[in-house]
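Structural characterization, general
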Amino acid sequence: MTARILDGKALAAEVRAEVAQRVAALRARGLQPALAVILVGDNPASQTYVRHKGSDCESVGMRFVLDRFAADLPQAALLARIAQLNADPSIHGILVQLPLPKHIDPNLVIAAISPSKDADGFHVQSAGALMVGLPGFRPCTPYGCMRLLQAAGIAPRGRHAVVVGRSNIVGKPMALMLLQADATVTVCHSATPDLATFTRQADILVAAVGRRRTITADMVKPGAVVIDVGMNQDEAGRLCGDTDFAAVREVAGWITPVPGGVGPMTRAMLLVNTVEAAERSAR
Ligand code: NAP
């Protein structure tokens, strides 16, 4: 059996079209949703991500405000800029591109963003809301994974979901969202002995590790749904995920490709969070 593809690129285009309609409705009322992004330093990957965020905003009619600072920006100056953006009613979403230079504490920076403008969903208030099942901004990557499942008609209810990775931005919120959707959830990490014992039990397997070929075909239950969050480089320098795609595809029931799976969905869900923030500000 060859797995069916969970096409994140196509679904992201649908999500952007929905967001564009919501933006148009707000603009008709005189409110243009705006996302402010702060980039500190000149990390090449961060520059690419920020450029994508700008073009995504433009494509749906949102305003994009980019603040670029040198890598030696004092932490206090960054916090002061966030306070200004918090107080600016024309800004609806605020995001500080990670990673930050070593002298800046990312937790302090995330905590400084107003929870009502937390487009990334990384604030502890957003994390707490997810934890107790209240509405709030969800981290874009796991939010996009849930949307991919929903669009394919894959209900987590009653299934065993295994999440490999426990970061605050992917693994943990992914596990909580699957739990919220009534899956039975196992979380694996670098101290998990014999990873394959767990992954082979997964009806839904999410790989969020950051190491290519972490998930090989023998680690996947036949027919499982495999969501590959990883973004790595293969031997030829091409983008690849955490799974051995060609081989896993012959075992799984569904699989996300890399590129074209989770990545485009992450970008699209940032737009969803931003338009949501703008709508809430208008209520
Ligand atoms: P991270 O903070 O480095 O977390 C990686 C997780 O993997 C950690 O929890 C770590 O365990 C676990 N891990 C490491 N080696 C392992 C092993 N051998 N077996 C089992 N677990 C292992 O990374 P992240 O931010 O969550 O991102 C994960 C990957 O997703 C990266 O490739 C990243 O680039 C990618 N990503 C993609 C998107 C997208 O839009 N597609 C978005 C975000 C991230 P410990 O906690 O024990 O260290």
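About the thresholds
- Residues numbered from 1 in each chain as written.
- Predicted model: local features only at pLDDT ≥ 70, side-chain atom pairs only at ≥ 80, totals over all residues.
- Heavy atoms only, no water.
- Pairing = 2+ DSSP bridges.
- Helix = DSSP H or I, 4+ residues; strand = E, 2+ residues; numbered from the N terminus.
- Right-handed = clockwise from strand over helix to strand, strands pointing away.
- Phe/Tyr/Trp six-rings, centres within 6.5 Å; stacked < 30°, edge-to-face > 60°.
- Lys NZ or Arg CZ within 6 Å of the ring centre and 35° of its normal.
- Buried < 20%, exposed > 50% of the residue type's maximum accessible area, 1.4 Å probe, protein only.
- Disulfide = S-S within 2.5 Å.
- Salt bridge = Lys/Arg side-chain N within 4 Å of Asp/Glu carboxyl O.
- Near = heavy atom within 4 Å.
- Polar contact = N/O pair within 3.5 Å; in protein donor to acceptor, adjacent residues only side chain to side chain.
- Areas by Shrake-Rupley, 256 points an atom, 1.4 Å probe, with all protein chains shown as cover.
- Nonpolar A, V, L, I, M, F, W, Y, C, P; charged D, E, K, R; others polar.
- Domains from an automatic or database assignment.
- Core = buried A, V, L, I, M, F, W, Y, C linked by side-chain atoms within 4.5 Å.
- Contact = heavy atoms within 4.5 Å.
- Axes fitted to C-alpha atoms, helices over the stretch in contact; angles between N-to-C directions.
- Left-handed = near helix turned anticlockwise from the far one by under 90°.

Summarising the sheet, strand β5 (residues 160-164) and strand β6 (residues 184-188) pair through 5 bridges and their orientation is parallel. Counterpart to Val164 in the pairing with β6 is Cys188. For the crossover from β5 across helix α7 (residues 171-180) to β6, the handedness is right-handed.

Going through the model one piece at a time under the given rule, you end up with 0 aromatic pairs. Sitting over the face of the ring of Phe137, Arg280 holds its NZ or CZ atom 4.4 Å from the ring centroid.

Before going further, it helps to examine the pairing of strand β4 (residues 93-96). Both faces of β4 are covered, namely the face carrying Gly93 and Leu95 and the face carrying Ile94 and Val96. Inspection of the sheet shows strand β2 (residues 34-40) paired to β4 by 4 bridges, in the parallel sense. The partner of Ala36 across the bridge, within β4, is Ile94.

With that settled, the discussion passes to the state of the cysteines. A covalent bond between the sulfur atoms of two cysteines is what we call a disulfide. Applying the stated criterion across every chain yields a total of 0 disulfides. The thiol of Cys145 is unpaired, and the distance to the nearest cysteine sulfur, on Cys140, comes to 11 Å. Cys240 takes part in no disulfide bond, and the closest cysteine sulfur, belonging to Cys145, lies 17 Å away. Taking relative accessible area as the criterion, Cys240 reaches 15% and is therefore assigned buried.

On to the pattern of salt bridges, then. Evaluation of the coordinates by the stated rule reveals 11 salt bridges. Across the salt bridge formed by Lys221 and Asp203, the nearest N and O atoms sit 2.7 Å from each other. Taken as a pair, Lys221 in the loop between β7 (204-207) and β8 (225-228) and Asp203 in the loop between α8 (195-199) and β7 lie far apart in primary sequence, 18 residues in all. One salt bridge in this structure joins Glu235 and Arg213, with 3.2 Å as the shortest N-O distance.

Near the ligand you find 21 residues, and of these Arg166, Ser167, Ser190, Met231 and Thr266 are the closest. Between the ligand and His189, the relevant distance is 3.5 Å, taken from a nitrogen atom to a main-chain nitrogen or oxygen of the residue. Between the ligand and Met231, the relevant distance is 3.0 Å, taken from an oxygen atom to a main-chain nitrogen or oxygen of the residue. About the coverage of the ligand: the protein hides 70% of its 930 Å² of free accessible area. Among the elements that take part in the shell around the ligand, helix α10 (residues 262-282) stands out by supplying 3 residues, more than any other. Within the shell around the ligand, the residues separate by chemical class into 9 nonpolar, 10 polar and 2 charged.

Cis peptide bonds are those with omega within 30 degrees of zero, and the linkage from Leu98 to Pro99 qualifies with 0 degrees. Summarising the element assignment, Pro99 is placed in the loop between β4 and α4 (106-112). Here the amide bond leading from Val258 into Pro259 is cis, since omega sits at 0 degrees, within 30 degrees of zero. If you check the backbone angles, Asp182 has positive phi at about 75 degrees while not being a glycine. Along the polypeptide, Asp182 turns up in the loop between α7 and β6. Judged by its relative accessible area of 40%, Asp182 falls in the partly exposed class.

Glancing now at the domain arrangement of the protein. Segmentation of the protein into domains returns domain 1 (30-114) and domain 2 (140-263). Between the C-alpha centres of domain 1 and domain 2 there is a distance of 29 Å.

If you look at the biggest cluster of nonpolar residues, it comprises 48 residues, and the most contacted ones within it are Val19, Leu178 and Ile227. When residues in this core are grouped by element, the largest group, 9 residues, is from α10. Counting only domains with at least three residues in this core, you end up with domain 1 (30-114) and domain 2 (140-263). If sequence neighbours within four positions are ignored, Val19 has contacts with Val60, Met62, Leu271, Val272 and Val275.

Closest axis-to-axis distance for the helix α6 (residues 140-151)/α7 pair is 9 Å, and the angle between their directions is 35 degrees. Here α6 and α7 pass one another in a crossing that is right-handed. Facing Pro142, Tyr143, Cys145, Met146 and Leu149 of α6, the residues of α7 in contact are Pro173, Met174, Met177 and Leu178. Here the contact of α6 with α7 is built from residues that sort into 9 nonpolar, no polar and no charged.

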